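Given next are the chains, with one letter for each unit.
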Amino acid sequence: MAVNDHALEGVQPQPVAGHLPKSRSPWAQAWRRFRRSRSGMVGLAMVGFLVVMSLLAPIIAPYDPSTDRNLRARLNPPSWEHPMGTDELGRDILNRVWHGTGISLRVGLLAVSIGLVIGSFLGLLAGYLGRWVDTMIGWLTDILLAFPSVLLAIFIVAAMGPGIFNTIIAVGVVQIPIYTRLTRSMVLSLREQEWVLATQALGAGHLRTLFRHILPNGLTPVIVQATLSLGTAILDAAALGFLGLGAQPPAPEWGLMIARGFAYFAVAPWISLFPGLAIIFAVVAFNLLGDGLRDALDPRANR
Amino acid sequence: MSAFILRRLIGLIPVLLGMSLLVFTLVRLIPGDPAILMLGERATPAAIERLQAQLNLDKPLFLNLAAFQHSGRVGDLVDSQFFAFLGSILRGDLGQSIFTRVDVATELAARFPATFELAVGGILVALLIGVPAGVVAAMRKNSLADVVVTSASLFGVAMPIFWLGMLLIYIFAVHLGWLPPSGRLSPGVSVPRITGFLILDSLLQGQWAAAWDAIRHLILPALALGTIPTATVARMTRGAMLEVLGQDYVRTARAKGLSTLRVTWRHALKNAMLPIITVVGLSFGSLLTGAILTETIFNWPGMGKWIYDAIGARDYPIVQGGTLFIAAIYVVINTLVDVSYAFFDPRIRYG
């Protein structure tokens, strides 16, 4: 009854959470649900492994990935000394794959950040302002989505010149429309809800409504999408590296390593084999983590 | 219905316009002057200027403000490189290659069947492997078969296509010697062109050996290209089947004594088809246009490889025309898939 009185009088607004018995914070609840998701936990462990490995690479990895060559140990098959074998210049593959982890993670993270920040911003504008802004941004999104992603990325890198920095931009631009669409539909569904009207009735301005109220509430699908996009971004960046448009030799980038090993595939398949397995490991890791996050953060999807 | 289709097609016009603007701009950002590329570094400045004028390169990029201010006519405002490009596209002229002088539209038309054949191969792989795998996984949920299918599709979408292609070449062409590693036909084998679809052409002319040769060449690239759609189709089929299998009419069909086989394949799968068709349709668009990596690895003479090589050689007209062509196919196919929902699902009505 006390609750109803408050609601009727509307004098003393109380935090909603205060009424729930023994409530946990939303994050603690999400974590509880996440822990129940087996794929999420496996993904988290795999991503954690990748992050730790990439941080440790410059500290404890035994060789420098590009300068430590041994021409007497060229194209050696996997052995105790070189668990993944050596490449055409006698460099240790394990060591190069290990150092490549950091490159791929950084490229993926930066590219997804570009797509997420620009894409979500455009989506917020389109969904909240509507009218001609929505039409214009929708048009841009349709155009970007009309290009097959790899072709668009190749095209952008060709225009700006090959290299790891331009790869990040190209892969990021390709991701923009995904976030624009996602954020726009999120804003459209939230904008009509009563509590948004209430915040505006209480005098919140557009920016406050948008960034303090709508954005945090619609963040869940964006977080899930960002995790899944990390896998796609790593794959796209590796494809550019493979085509010679991304990282340049002697960088230990996985896609580039696969391309360099192509010429020796018949005699030394391990040169290309292990970087490929590393890519698969990383992409699977982020996909599993994304699935787990979806289960944890979106209670409706959790049946 | 037809009004709906018409509206969707009209809605494509601004997108196609925007695409040409984007392609045009990106191509102009690629460093290097086409006139110098065509004539070589040692050409006289006069010759370069003459060629630039011939290629419209002396005009402003988007709007000819100078001419407009001078004359005040709108016709002069659009006397620019972009509008010249737009005009020639509308006439079906995508320009000529800088180096070989071959007509871009003609060459694209000649290469389209190769890419199309490859995409069909990829989709067949996806349907023949993905659908049965998804059905089996759904019927025996949480069994070993389900775990295998689910994890295989997890790895399928994570696999770099170029890496998988190399692995296939190594195992089946180099190591086992079962299948050819690259190209569309063995050297010495040729099929007179009717449609450009090699398998179809050789079958039409009764050249069974050539048809078999073409099929053998198609298998590995189709497997590589089909991996991602196979994984998606299997996942989609599993999900759709699980949903359908839990419904009342499936229980009724079982209750009235129909065999499990009949219930699954006739009753359930038929109703689970809509999401599968959607995935297949959308995949077909991306296979047709996203085969660049596969075509490069398997040396497949399709559109994607041609455009990729042209980017390396800075052959702008090919890059420009080819990319635009591919993107246009992509949007048209996606629109058709969208429209086709109405045919497959009578519950969907478009106003």
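What you see is a predicted model, and the numbers here were worked out from it, not measured in a lab.

K.L.:
Please give an account of the overall build of chain A that cites residues and values.
P.N.:
Across its full length, chain A holds 12 helices and 0 strands. Ordered by position in the sequence, the α and β elements of chain A form the string α-α-α-α-α-α-α-α-α-α-α-α. Across chain A, contacts joining residues at least 24 apart in sequence account for 70% of those joining residues at least 6 apart. Accessible area of chain A: about 15,300 Å², with a carbon and sulfur share of 64%.

K.L.:
A description of the interface of chain B and chain A should follow, citing residues and the corresponding values.
P.N.:
Between chain B and chain A, the contact holds 38 residues from the first and 38 residues from the second. Roughly 3,400 Å² of surface becomes buried between chain B and chain A when both sides are summed, with 85% attributable to carbon and sulfur atoms. When the buried area of chain B at its contact with chain A is split by residue, F162(B), W163(B) and M166(B) rank highest and sum to 19% of it. Counting across the chain B and chain A interface gives 1 salt bridge.

K.L.:
Could you give me a rundown of the pattern of salt bridges, with the residues and numbers involved?
P.N.:
Residue and element names in this part refer to chain B. Enumeration over the complete set of coordinates arrives at 7 salt bridges over all chains. Between D146 and R238 there is a salt bridge, with the nearest N and O atoms lying 2.7 Å from each other. Highlighted residues: D146 in helix 8 (residues 144–158) and R238 in helix 11 (residues 208–245), separated in sequence by 92 residues. Here the two residues D146 and R238 agree in accessibility, since each one is buried. Notably, a salt bridge pairs D309 with K305, separated by 2.8 Å at the nearest N-O pair.

K.L.:
I'd like a rundown of helix 7 (residues 104–139) of chain B, residues and numbers included.
P.N.:
Its 36 residues give helix 7 of chain B an end-to-end C-alpha distance of 50 Å, which sits within 8% of 52 Å, the value for a rise of 1.5 Å per residue. Its axis deflected by about 30 degrees at R111(B), helix 7 of chain B carries its strongest bend there, up to four residues before the proline P113(B).

K.L.:
An account of the packing of helix 7 of chain B against helix 11 of chain B is needed here, citing residue identities and associated values.
P.N.:
Relative orientation of the contacting elements helix 7 of chain B and helix 11 of chain B amounts to 35 degrees, with a least axis distance of 5 Å. The handedness of the crossing between helix 7 of chain B and helix 11 of chain B comes out as right-handed.

K.L.:
Just give me the short version of the confidence of the model for chain A, but keep the residues and values in it.
P.N.:
Per-residue pLDDT for chain A averages 80, and the proportion of residues at 70 or more is 86%. Counting contacts from residues 1–13 of chain A, a segment whose pLDDT is below 50, to residues more than four positions away or on other chains yields 4 contacts.

K.L.:
Account for the packing of aromatic side chains, with residues named and values stated.
P.N.:
In the structure shown here, the tally under the stated rule is 11 aromatic pairs over all chains. Seen in terms of ring centroids, W31(A) and F34(A) are 5.9 Å apart; in terms of plane orientation they differ by 20 degrees. Their pairing is stacked. With W31(A) and F34(A) both in helix 2 (residues 26–36) and 3 residues apart, this pair spans about one turn of that helix. Among the residues examined, F34(A) registers a relative accessible area of 5% and is labelled buried. Seen in terms of ring centroids, F49(A) and F281(A) are 5.9 Å apart; in terms of plane orientation they differ by 70 degrees. Their pairing is edge-to-face. Of this pair, F49(A) sits in helix 3 (residues 38–60) while F281(A) sits in helix 12 (residues 270–297), placing them 232 residues apart in sequence. The exposure class of F49(A) is partly exposed, given its relative accessible area of 44%. Of the aromatic side chains, those joined through ring pairs into one cluster are F24(B), F82(B), F83(B) and F85(B).

K.L.:
Give me the lowdown on unusual backbone geometry, citing residues and values where you can.
P.N.:
Peptide bonds are, in most cases, trans, and in most cases residues other than glycine have a negative phi. Here P249(A) and P250(A) are connected by a cis peptide whose omega angle stands at 5 degrees. A positive phi angle is found at R101(B), which is not glycine, with a value near 65 degrees. For R101(B), the location among the structural elements is in the loop between helix 6 (81–90) and helix 7. Judged by relative accessible area, R101(B) falls into the exposed class, the value being 54%. Located in the positive-phi region is N299(B), a residue other than glycine, with phi close to 50 degrees.

K.L.:
Describe the nonpolar core, listing the residues and the values that go with them.
P.N.:
Side chains that are nonpolar tend, in soluble globular proteins, to be buried together. Of all hydrophobic cores here, the largest spans 154 residues; its most connected members are I93(A), V97(A), I154(A), F242(A), M19(B) and F162(B). In terms of residue count, the dominant contributor to this core is helix 12 of chain A (16 residues). Discounting residues that sit within four places of it in the chain, I154(A) has contacts with L240(A), L243(A), L245(A), I292(B), Y308(B) and I311(B). Judged by nonpolar contacts, the second largest core, of 8 residues, contains L124(A), V187(A), L210(A) and I214(A).

K.L.:
Can you lay out the side chain of T237(B) for me, pointing to particular residues and giving the numbers?
P.N.:
All names here are of chain B. Within the secondary structure layout, T237 lies in helix 11. Residue T237 is classed as buried on the basis of its relative accessible area, which comes to 0%. Residues within four places of T237 in sequence aside, it is in contact with G130, V131, G134, V135, L269 and I276.

K.L.:
Give a description of the side chain of T180(A) that names residues and reports values.
P.N.:
As for its placement among the helices and strands, T180(A) is situated in helix 7 (residues 164–191). Other than its neighbours up to four places away in sequence, T180(A) contacts G119(A), L122(A), G123(A), I137(A) and T141(A).

K.L.:
Outline the environment of I277(B), supporting the account with residue identities and numerical values.
P.N.:
Its place among the elements puts I277(B) in helix 13 (residues 260–289). Sequence separation between I277(B) and V233(B) is 44 residues; the distance between their C-alpha atoms is 9.1 Å.

The rules behind each value
- Residues numbered from 1 in each chain as written.
- Chains lettered and ligands numbered in written order.
- Predicted model: local features only at pLDDT ≥ 70, side-chain atom pairs only at ≥ 80, totals over all residues.
- Heavy atoms only, no water.
- Helix = DSSP H or I, 4+ residues; strand = E, 2+ residues; numbered from the N terminus.
- Contact = heavy atoms within 4.5 Å.
- Areas by Shrake-Rupley, 256 points an atom, 1.4 Å probe, with all protein chains shown as cover.
- Buried area = accessible area lost by both parts, 1.4 Å probe.
- Salt bridge = Lys/Arg side-chain N within 4 Å of Asp/Glu carboxyl O.
- Buried < 20%, exposed > 50% of the residue type's maximum accessible area, 1.4 Å probe, protein only.
- Expected span 1.5 Å × (residues − 1).
- Bend = angle between axes of the 7 residues up to and from the residue.
- Axes fitted to C-alpha atoms, helices over the stretch in contact; angles between N-to-C directions.
- Left-handed = near helix turned anticlockwise from the far one by under 90°.
- pLDDT = per-residue confidence, 0-100.
- Phe/Tyr/Trp six-rings, centres within 6.5 Å; stacked < 30°, edge-to-face > 60°.
- Core = buried A, V, L, I, M, F, W, Y, C linked by side-chain atoms within 4.5 Å.

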